[in-house]
Amino acid sequence: MQLDCLSAEDERRCRQLLARTTARFRARPAAAAVLVPLCLVRGVPALLYTLRSSRLAGRHQGDVSFPGGKCDPTDQDVVHTALRETQEELGLAVPEEHVWGILRPVHDTRKATVVPVLASVGPLDLQSLKPNPKEVDEVFVLPLTHLLQTQNQGYTHFCKDGHFGYTLPVFLHGPHRVWGLTAVVTDFTLQLLAPGTYQSHLTSPELLRG
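Residues numbered from 1 in each chain as written. Predicted model: local features only at pLDDT ≥ 70, side-chain atom pairs only at ≥ 80, totals over all residues. Heavy atoms only, no water.

This next bit is on the packing of aromatic side chains. One pass over the full model with this rule turns up three aromatic pairs. Ring plane angle 15° and centroid distance 5.6 Å describe the contact between Y49 and F140, whose orientation is recorded as stacked. Taken together, the residues Y49 in strand β2 (residues 44-52) and F140 in strand β8 (residues 136-143) connect sequence positions 91 residues apart. Each member of the pair, Y49 as well as F140, is classed as buried. Taken together, the ring pairs connect Y49, F66 and F140 into an aromatic cluster. (Phe/Tyr/Trp six-rings, centres within 6.5 Å; stacked < 30°, edge-to-face > 60°. Helix = DSSP H or I, 4+ residues; strand = E, 2+ residues; numbered from the N terminus. Buried < 20%, exposed > 50% of the residue type's maximum accessible area, 1.4 Å probe, protein only.)

Turning our attention to unusual backbone geometry. Although it is not a glycine, R42 sits at a positive phi angle of roughly 55°. Relative to the helices and strands, R42 is located in the loop between β1 (32-41) and β2. Note on R42: relative accessible area 79%, which makes it exposed.

Listed below in C-alpha cells is the structure:
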C-alpha cells in the first residue's frame, strides 16, 4: 500500500476483506456504532478523530473518539447509525456508497457491543466541518504515516489477579493521546490498510469476543 495515495486497488482489497464481517454484523443488534473516517488532508491519507465534549454527561467526556453513538430504533442498521451520528456531530454527510465495510466489533467495559464502520470521506478541509459543541470539543486528524511510525506507538499491559491479562495499543505524539476502544479500532484499521507495515500487539479476549 502506498501511504501517499489510496488507490482503487487498495479500496477493492479492503472491501473484499471486510465483506464477510459486514455481512455478519450489519443487521445484528448493537449498542453503538462509530464511523472510522479515512480522509485526505492536503493529499495525505489520515484518520479523523474527535475530542468528546467535556460537558457531556457520563464517563466518556473529554475522550478521544471516532464520530458515532448509540443505535436508535429508527436506524436501518449499524451503518446508518454511524453515518447519522457523524452528520449530527460534525455536519459531515458521508454517502453510503463511500462505506468500505464493517471492522470487527469491540466490547466496552460494560460488555456493550460497539461496531466500527470504515468509510472513505475523500479530500477534507477541517474548517468546513461544523462540530456540534454539545458533543464535540475538537476535531483533528492523524496521518497514516504518523500512526505507522513505531515511535508513535505504545502499548499498555494490564494485569488481573497478579497475572498478565491483556495488552491494548496507545498512539502517541499527536494533538491528543489515542487510547481505549478508539485505539483498538485504530489498530484494526491499520492492520487492514497496511498489513505489511503495521504490527499489532493487541491481546484482549474480553474486548474482542464475537
